[in-house]
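Structural characterization, general
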Amino acid sequence: MITPPAMDQFDTTVVIPVYFNEKSVAGVVERILSAWVHGGRDAEDLEFVLVDDGSGDNSWEVLQELRKRFPEQLTAMRLATNHGSQLAILAGASVARGRRVAIMAADGQEPPDLVLKMAQAADKGARLVLAVRQSRADDVSTRAGAGFFYNLIRWLGMRNMPEQGFDIFLLDHEMVTTILEIRDPNIPLTVTILWLGYPFAEVPYDRLQRTEGRSRWTWSKKIKLALDAITAVSYAPIRAISLFGVVLAILGFLYAAFIVIARIIFGTPVLGWASILVSVLLIGGTQLLSLGVLGEYLWRTLEVARHRPLWRIAELEKPGTDSSYQHQIRSRIARGL
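A brief structural summary. (Residues numbered from 1 in each chain as written. Predicted model: local features only at pLDDT ≥ 70, side-chain atom pairs only at ≥ 80, totals over all residues. Heavy atoms only, no water.)

1. A word on the side chain of Glu 47
Put simply, the rule is: The way it works is that DSSP assigns letters per residue, a run of H or I at least four long becomes a helix, a run of E at least two long becomes a strand, and they are numbered from the N terminus. Two residues form a contact once any of their heavy atoms are found within 4.5 Å.
Looking at where Glu 47 falls in the secondary structure, it is placed in strand 2 (residues 46-52). In this structure, Glu 47 is in contact with Phe 10, Thr 12, Thr 13, Val 14, Gln 73, Thr 75, Ala 96, Arg 97 and Gly 98, ignoring residues within four places of it in sequence.

2. Considerations on the nonpolar core
Definition in use: Working definition of a nonpolar core: buried Ala, Val, Leu, Ile, Met, Phe, Trp, Tyr and Cys residues. They are joined through side-chain atoms within 4.5 Å. Any residue under 20% of the maximum accessible area for its type is buried, any over 50% is exposed, and the rest in between are partly exposed; the area is computed with a 1.4 Å probe on protein chains only.
Grouped together as the largest cluster of nonpolar side chains are 41 residues, with contacts concentrated most on Met 77, Leu 79, Phe 169 and Trp 311. Looking at this core, the element that brings in the most residues is helix 3 (residues 85-93), giving 6 residues. Apart from the residues lying within four places of it in its own chain, the contact partners of Leu 79 are Val 51, Asp 52, Asp 53, Gly 54, Ala 88, Ala 91, Trp 311, Arg 312, Ile 313 and Ala 314. In this structure, Ile 32, Ala 119, Ala 131 and Tyr 205 belong to the second largest nonpolar core, which totals 38 residues.

3. What about the packing of aromatic side chains?
Which entries qualify depends on this criterion: Ring geometry is summarised as follows: Phe, Tyr and Trp rings, the Trp one being its six-membered ring, pair when their centres sit within 6.5 Å, and such pairs are stacked at plane angles under 30 degrees, edge-to-face over 60 and tilted between the two. Here, a charge over a ring is recorded when the distance from Lys NZ or Arg CZ to the ring centre is within 6 Å and its angle to the ring normal is within 35 degrees.
All told, the structure shown has 2 aromatic pairs when counted by the stated rule. Taking the centre distance of 4.8 Å and the plane angle of 90° together, the rings of Tyr 19 and Phe 20 count as edge-to-face. For Tyr 19, a relative accessible area of 24% gives the class partly exposed. Seen from the ring of Trp 60, Arg 78 lies directly overhead, with NZ or CZ sitting 5.8 Å from the centre. The ring of Tyr 198 has Arg 127 lying over it, and the distance from NZ or CZ to the ring centre is 4.7 Å.

4. Some details on helix 1 (residues 25-38)
The periodicity of an α-helix, 3.6 residues per turn, causes residues three or four positions apart to be oriented the same way. Worth spelling out the cut-off: One less than the number of residues in a helix, times 1.5 Å, gives the span that helix is expected to have.
Between its first and last C-alpha, helix 1 extends 20 Å over 14 residues, near the 20 Å set by a 1.5 Å rise per residue. Summarising the contacts, the buried residues of helix 1 are in contact with strand 1 (12-18), strand 2, helix 2 (59-69) and helix 4 (114-123). Note on helix 1: the residue one or two positions beyond its end, Gly 40, has a positive phi of about 90°.

5. A few points about helix 4
In terms of burial, helix 4 is a largely internal element, 7 of the 10 residues being buried. When helix 4 is considered as a whole, its buried residues turn out to be Leu 114, Val 115, Leu 116, Met 118, Ala 119, Ala 121 and Ala 122. One or two steps after helix 4, the chain reaches Gly 125, where phi turns positive at roughly 120°.

6. Digging into the packing of helix 1 against helix 4
Just so we agree on the cut-off: Only the stretch in contact is used when a helix axis is fitted, and all axes are lines through C-alpha atoms; the angle between N-to-C directions ranges over 0 to 180 degrees. Oblique is the label for every angle not falling under 35 degrees (roughly parallel), over 145 degrees (roughly antiparallel), or within 65 to 115 degrees (roughly perpendicular). Under the scheme applied here, ten amino acids are nonpolar (Ala, Val, Leu, Ile, Met, Phe, Trp, Tyr, Cys and Pro), four are charged (Asp, Glu, Lys and Arg), and all others, including Gly, are polar.
Contact geometry for helix 1 and helix 4: axes closest at 8 Å, N-to-C directions at 45°. Classified by the interaxial angle, the pair formed by helix 1 and helix 4 is oblique. Within the contact between the two elements, helix 1 uses Ile 32, Ala 35 and Trp 36 and helix 4 uses Val 115, Leu 116 and Ala 119. Partitioned by chemical class, the residues of the contact of helix 1 with helix 4 number 6 nonpolar, no polar and no charged.

7. Let's talk about unusual backbone geometry
You will see that Phe 20, though not glycine, has its phi angle at about 55°, which is positive. Structurally, the position occupied by Phe 20 is in the loop between strand 1 and helix 1. Overall, Phe 20 belongs to the partly exposed group, its relative accessible area being 23%.

8. Thoughts on the pairing of strand 4 (residues 100-103)
Quick note on the threshold: Two strands qualify as a pair provided DSSP detects at least 2 bridges between them.
With burial as the criterion, each face of strand 4 is covered, one bearing Arg 100 and Ala 102 and the other bearing Val 101 and Ile 103. Relative to strand 4, strand 1 is paired through 4 bridges, and the arrangement is parallel. Within the sheet, the bridge partner assigned to Thr 12 lies in strand 4 and is Arg 100. As judged from the 4 bridges shared by strand 4 and strand 6 (residues 166-172), these two strands associate in the antiparallel manner. By the bridge assignment for strand 6, Arg 100 is matched with Asp 172.

9. Describing the pattern of salt bridges
Side-chain pairs of opposite charge can arise where the charged atoms are in close proximity. Note the following rule: Salt bridge, as applied in this entry: a Lys or Arg side-chain nitrogen positioned within 4 Å of an Asp or Glu carboxyl oxygen.
Counted by the stated rule, this structure contains 16 salt bridges. One salt bridge in this structure joins Asp 11 and Arg 99, with 2.9 Å as the shortest N-O distance. In this pair, Asp 11 is assigned in the segment before strand 1 and Arg 99 in the loop between helix 3 and strand 4, connecting sequence segments 88 residues apart. Classification of Arg 99 by relative accessible area gives partly exposed; the value is 39%. With its nearest N and O atoms 2.6 Å apart, the salt bridge here joins Asp 167 to Arg 133. On the criterion of sequence distance, the pair formed by Asp 167 in strand 6 and Arg 133 in strand 5 (residues 128-136) is long-range, its members being 34 residues apart. Salt bridges sharing partners connect three or more residues here, namely Asp 11, Arg 41, Arg 99, Arg 100 and Asp 123.

10. Here we look at the layout of surface pockets
Quick note on the threshold: Cavities and pockets are found on a 1 Å grid laid over the protein atoms alone: a cavity is a set of points where a 1.4 Å probe fits but cannot escape, a pocket is an open set with protein on both sides within 12 Å along at least five of seven lines, and a lining residue has an atom within 4 Å of such a point. Grid points are joined across faces, edges and corners, and a volume is the space filled by probe spheres set on the points.
Empty space within the second largest pocket amounts to approximately 280 Å³. Leu 248, Ala 249, Leu 251, Gly 252, Tyr 255, Ala 256, Ile 259, Ser 275, Val 278, Ser 279, Leu 282 and Ile 283 are the residues that line the second largest pocket. Only helix 9 (236-266) and helix 10 (273-306) provide two or more residues apiece to the lining of the second largest pocket. For the lining of the second largest pocket, the element with the most residues is helix 9, which contributes 7 residues.

In structure tokens:
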């Protein structure tokens, strides 16, 4: 079981997954901290956990420089390989010491005062706060794809999913512990959070235009996320296969009866290869599609059953520790990784 460490002196921990963000991550940290202080809060109440998710640029070096600037309130973690932002967030949350954990992005497309606004909403009693997009300065294809995806998730049964979705959120320490106990690497964090069923507050915001670097959120990753979300929230694809199989079987029996009756009563000859070929292709394609859908569910079940480590830490530098290899191994073992 993976559980975060006991809470320390911090009010809020900001977890930021970093992937090819060498140009933007330092500015994101500075702006979040500045907005926090200008909101009337103490800088010492804010902790940062930055997780380098196997970047191929100088992101890790930038995180090490930030560690030198904020030695008492910043933890830098480097994963052994790219695990995806979802697992990078969980890895960072597992070492968070704040009584609340806020998730932010490293690309600078979210307003820096979001952490402050979510903390203010939490001060009013909310255990979970979602930063909900009102608009997004992305291209048409991204907006259309996101809209279709979130509408599909809502249609499949997750009615409490905001219409524009969400990526940024804040939750309390106990909820972090609960989420870390769900050892499924394929369920999107947004789905897991809403599946828990806790009431939540919303903080609206406008997503900004990206000014540094380019998005690494490829279409293949988007498709995988969509499949993960669909298989996590609904069994509708399997039910659809069952219904389609019933309909196909009924049509097949009716067609067979028609051929036999036409042959016996009217003497109609059984005509050839075209109908047979169409039937074979239709049934064969349906079978392969059915196996593929079942395979998506079974593969995810197999990944959970294997009980492999969800992430692998290459380096961990945090306040009060050295960054030697032996210490990294001891830290990793201590957290059950």
